[in-house]
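# Structure at a glance
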Amino acid sequence: MRRELLFVFLAAVLLYVPTSRYGYVQDDRAIIVSNPAAHSVGAALGAFDDPYWPRESGAGLYRPVTILSFAIDWTLSGGRAGWFHIVNALWHGLVTVLLVLVLVRWLPPLAATAAGAVFAWHPVHVEAVASIVGRAELLAAAGILGAVLAARRGWWLGTVVCAALAMFSKEHGVIVGVVILLDTWLCPRALTPSPDGSGRTGVRLWIALGIVTAAFLTAWVAVGWVGENDAAAVFYGRGVSGRLAIALPAVLRAVWVLIWPASLSVDYGPQVIPARAGFSLAALLGCCVALLVPALALWCRRRAPPISFAAGLATLSYLPTANLFFASGVALAERNLYLAVALPAALVGWAGTQLATRRGARAAAVATAMLVVAAGARALARLPAWRDNRSQLLTLLADHPESYRAHASAAAVLAGLHDSAGARREYRTADSLFSGDPYLDGAHAIFLIGIGDTAAAASLIDRRNDTKVGERMTLRARFLLELARKHPTQARAIADSAGKRWVGEGAWYRPHVQ
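Residues numbered from 1 in each chain as written. Predicted model: local features only at pLDDT ≥ 70, side-chain atom pairs only at ≥ 80, totals over all residues. Heavy atoms only, no water.

## Some remarks on a nonpolar patch on the surface
Our working rule: Patch members must show over 30% relative accessible area and no salt bridge, and they are joined within 9 Å when carrying like charges or within 5 Å when they are nonpolar side chains of Val, Leu, Ile, Met, Phe, Trp or Tyr. Method for areas: the Shrake-Rupley scheme with a 1.4 Å probe, in which residue coverage is limited to the protein chains shown. Any carboxyl oxygen of Asp or Glu that lies within 4 Å of a side-chain nitrogen of Lys or Arg is treated as forming a salt bridge with it. In this text, helices come from DSSP runs of H or I with a minimum length of four residues, and strands from runs of E with a minimum of two, each type numbered from the N-terminal end.
A surface patch of nonpolar side chains, about 440 Å² in accessible area, is lined by Val41, Leu45, Ile72, Leu76 and Trp83. Mapped by element, the contributors of at least two residues to the nonpolar patch are α3 (41–46) and α4 (64–77). As for its placement among the helices and strands, leucine 45 is situated in helix α3.

## Description of the state of the cysteines
In protein chemistry, a disulfide is the covalent bond that joins the sulfur atoms of two cysteines. To keep it simple, the criterion reads: Throughout, disulfides are identified as pairs of cysteine sulfur atoms within 2.5 Å of each other.
All told, the structure shown has zero disulfides when counted by the stated rule. Cysteine cysteine 287 shares no disulfide, and the gap to the nearest cysteine sulfur, in cysteine 288, comes to 5.9 Å.

## What to know about the environment of asparagine 336
Filter applied, for reference: Residues adjacent in sequence count toward polar contacts only when both atoms are side-chain atoms; beyond that, a polar contact is any pair of N or O atoms within 3.5 Å, and within protein one must be able to donate a hydrogen and the other to accept it.
Positionally, asparagine 336 belongs in the loop between α14 (305–318) and α15 (342–359). For asparagine 336, the side chain forms a polar contact with the side chain of lysine 170, separated by 2.7 Å.

## Focus on the confidence of the model for the protein chain
Under the convention used in this document: The pLDDT value expresses, per residue, how confident the predictor is, ranging between 0 and 100.
On average, residues of the protein chain score 93 in pLDDT, and 96% of them are at 70 or above. Looking across the protein chain, the model is least confident in helix α24 (residues 506–513), with a mean pLDDT of 87, and most confident in helix α5 (residues 81–103), with 98.

## Structural notes on the nonpolar core
Threshold: We define the nonpolar core as a collection of buried residues of types Ala, Val, Leu, Ile, Met, Phe, Trp, Tyr and Cys that are connected through side-chain atoms lying within 4.5 Å of one another. Relative accessibility under 20% of the residue-type maximum defines a buried residue, over 50% an exposed one, and the middle range a partly exposed one, all with a 1.4 Å probe and only protein chains included. Whether two residues are in contact is decided by their heavy atoms: any pair within 4.5 Å suffices.
Ranked by internal contacts, the top residues of the largest apolar core, which has 119 residues, are Ile32, Phe70 and Leu337. Counting residues per element, this core draws most heavily on α5, which supplies ten residues. The contact partners of phenylalanine 70, leaving out residues within four places of it in the chain, are Ile31, Ile32, Ala38, Tyr52, Phe84, Ile132, Val133 and Arg135.

## A word on the packing of α5 against helix α8 (residues 135–152)
Stated formally: All axes are obtained by fitting lines to C-alpha atoms, using only the stretch in contact for helices, and the reported angles, taken between N-to-C directions, cover 0 to 180 degrees. Throughout, the term roughly parallel applies to angles under 35 degrees, roughly antiparallel to angles over 145, roughly perpendicular to angles from 65 to 115, and oblique to all others. We call a crossing left-handed when the near helix sits turned anticlockwise from the far one by less than a right angle, and right-handed when that turn is clockwise. Gly is placed with the polar residues, together with every amino acid not listed as nonpolar (Ala, Val, Leu, Ile, Met, Phe, Trp, Tyr, Cys and Pro) or charged (Asp, Glu, Lys and Arg).
Between α5 and α8, whose axes approach to 9 Å, the crossing angle comes to 30°. Considering their axes alone, α5 and α8 lie roughly parallel with respect to each other. In this structure, α5 meets α8 at a crossing whose hand is left-handed. Contacts from Phe84, Val87, Asn88, Trp91, His92, Val95, Leu98, Leu99, Leu101 and Val102 in α5 reach Arg135, Leu138, Leu139, Ala141, Ala142, Leu145, Gly146, Val148, Leu149 and Arg152 in α8. Among the residues forming the contact of α5 with α8, the class breakdown is 15 nonpolar, three polar and two charged.

## Focus: the pattern of salt bridges
Using the criterion set out here, one finds 17 salt bridges in the structure. The residue glutamate 171 makes a salt bridge to arginine 63 at a minimum N-O spacing of 2.5 Å. Of this pair, glutamate 171 sits in the loop between α9 (156–167) and α10 (176–186) while arginine 63 sits in the loop between α3 and α4, and the two are 108 residues apart along the sequence. Owing to a relative accessible area of 17%, glutamate 171 belongs among the buried residues under this scheme. Judged by its relative accessible area of 10%, arginine 63 is buried.

## A look at the packing of aromatic side chains
Worth spelling out the cut-off: Two rings from Phe, Tyr or Trp (for Trp, the six-membered ring) form a pair when their centres are within 6.5 Å of each other. A pair whose planes differ by under 30 degrees is stacked, one over 60 is edge-to-face, and the rest are tilted.
A full pass over the atoms with the stated rule returns 14 aromatic pairs. Residues phenylalanine 119 and tyrosine 338 carry aromatic rings whose centres are separated by 5.4 Å and whose planes lie at 70° to one another, so their mutual orientation is edge-to-face. With a gap of 219 residues between them, phenylalanine 119 in helix α6 (residues 109–121) and tyrosine 338 in the loop between α14 and α15 connect regions that are remote in the sequence. Judged by its relative accessible area of 1%, tyrosine 338 is buried. Plain terms: the ring middles of phenylalanine 479 and tryptophan 508 are 6.1 Å apart, the flat faces sit at 70° to each other, and that makes the pair edge-to-face. On the criterion of sequence distance, the pair formed by phenylalanine 479 in helix α22 (residues 471–484) and tryptophan 508 in helix α24 is long-range, its members being 29 residues apart.

## Remarks on the environment of valine 87
Mapped onto the elements, valine 87 comes out in helix α5. Here valine 87 falls in the buried class, since its relative accessible area comes to 13%. Between the alpha carbons of valine 87 and glycine 242 there is a distance of 40 Å; along the sequence they are 155 residues apart. Setting aside its immediate chain neighbours within four residues, valine 87 contacts Asp73 and Arg135.

Given below as C-alpha cells:
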C-alpha cells in the first residue's frame, strides 16, 4: 500500500507546483500580509484570543491554528508567497493520503487509490489549495480524517489532538465527533482495541472530545461571532423562506460542480446564483438533493459502505455553510466543498470495483484513468485564475459577468487608477445586479464623494438608515459626506461615536479629523 499512498500524495502535490510562482491573492493580504499575528510564532500564540479577521474589519471568525501555521511559514520563508503555496500543496497531499487510508477499509487498494486520485485532482479543490487562506480547509480536513483513523485504532489522545487541530483551524471541524460516530456505525469494532483491554479508551475519548468541543464553541462565541454581520449580503433582511430561496438552489449548484465542474467561479453571490425572493424549480431540486444525499448514506450502509461514509462526510462538512438552518458568510464557495469531494471520489472507486467485476480490470482502469486525467486537466486550466488579483478579477468578469462582486471589484480598481468614468460605470452595473449590499453602497458613496457628487452619495447612504448591518461602512461614508458639506462638528461626532463602538475604528477616522 505504500506505493499507492506515495502515488496519490505526489499526484496531489505535483498538480499544484505551478502555484509556487503565484502571489498573495485577495483575502491572503488581510489575513497574512497585513496581519502581525501571522508573522511570528510568538505573535500567533499571543493572538490566540483574537478573531481570525483583524478586529478593525469587524468580520470575526476564530481560527487560531490556521494563523499559527501561517506564522510558522512566514518565519521559515521570510514571507515568500511561493513557500505558503507549496505548503498548501503538501497539506493537500496529506489529506489525500488520509482519505485513501479511510476508504481502504471498504475498497480494494487499487480502487481506494483511484478514489484518492479523483480527490487529488478534482477541479473544485483549486480554490482551497491555490488560495493560501484555503489552508483552513486543508488543516480541518486533515484533523477530521486523522481523528477517524486514530479512533479506529483506539488512540484516544491522538484522536483528541486531531479533533482540536480540525476545530481550531476552521469552525466546521466541530463535526469531527459525528464523523467518528458515522465511521463506527459503518464498522463498529476498532481495528486495534484499547491497550489495557478494558474499554476505558472509549470513555476517555468522548469525555476529552466533549471538553475540546465545548472549549472551542465557547471561544468561538466569545471571540469569533459578530452577529448578523457574519451573514452574506444576499441574506440581509430575509426570513427563513427568503433564506431557503437562495440556499436550496445553492445546494443544487454545489452538487452540480462536484459532478460536472466545467463552470467554476470565485464568487457565487448574486447573480451567479440568482437572488430570488420566492420558491423556484432550482429550490425544489435543491431540496430533493438535500434530502437524497443523507438518504444515500443510510441506503448504502450495507450495500456500499465507502459511499455511505463519503455521503455522510459530504453532508456534515457542507452543512455549516449550507444556509439551511442559519445564514453563513457565503451563499456557496468552492473551498467549502473540499471534503465533500470525497463523495464523487468514493463513487468512482466503488464504480471501478463494480466495473472490474463485470468487464474486467483493464476496462475499469481505462475508464478511471480517463476520468482522472480529465479532472486533472480541468484543474490545471483553472489554476491561473489564482495567480494574482488581476488574474482572478479578469477571470471572474469573463466567466461570470453576472457577478455583482466582479463589477464592484473592477470599480474599486478603476477608481484607484483615477478612471472615474469607468469606476462609475462599474459601480452602476454592480448596483443594477444587486442593490442589497450595504458595504457596496458605502464604498460607492465614498467614491462619489471623492469625485464631488455628494447628492448621489447621500442617496446611497440614506438607503441604509434603517439597518444596523454594515453600519460601520455606512458611518464612514456619512462622515466623509459631512466633511464634504463643510459640517465638521457633525463629522467629528460620527468619528467619536464610531471610535467608541468598534475597536481600532478611530485609526481610520484620525487622518481625516487632524
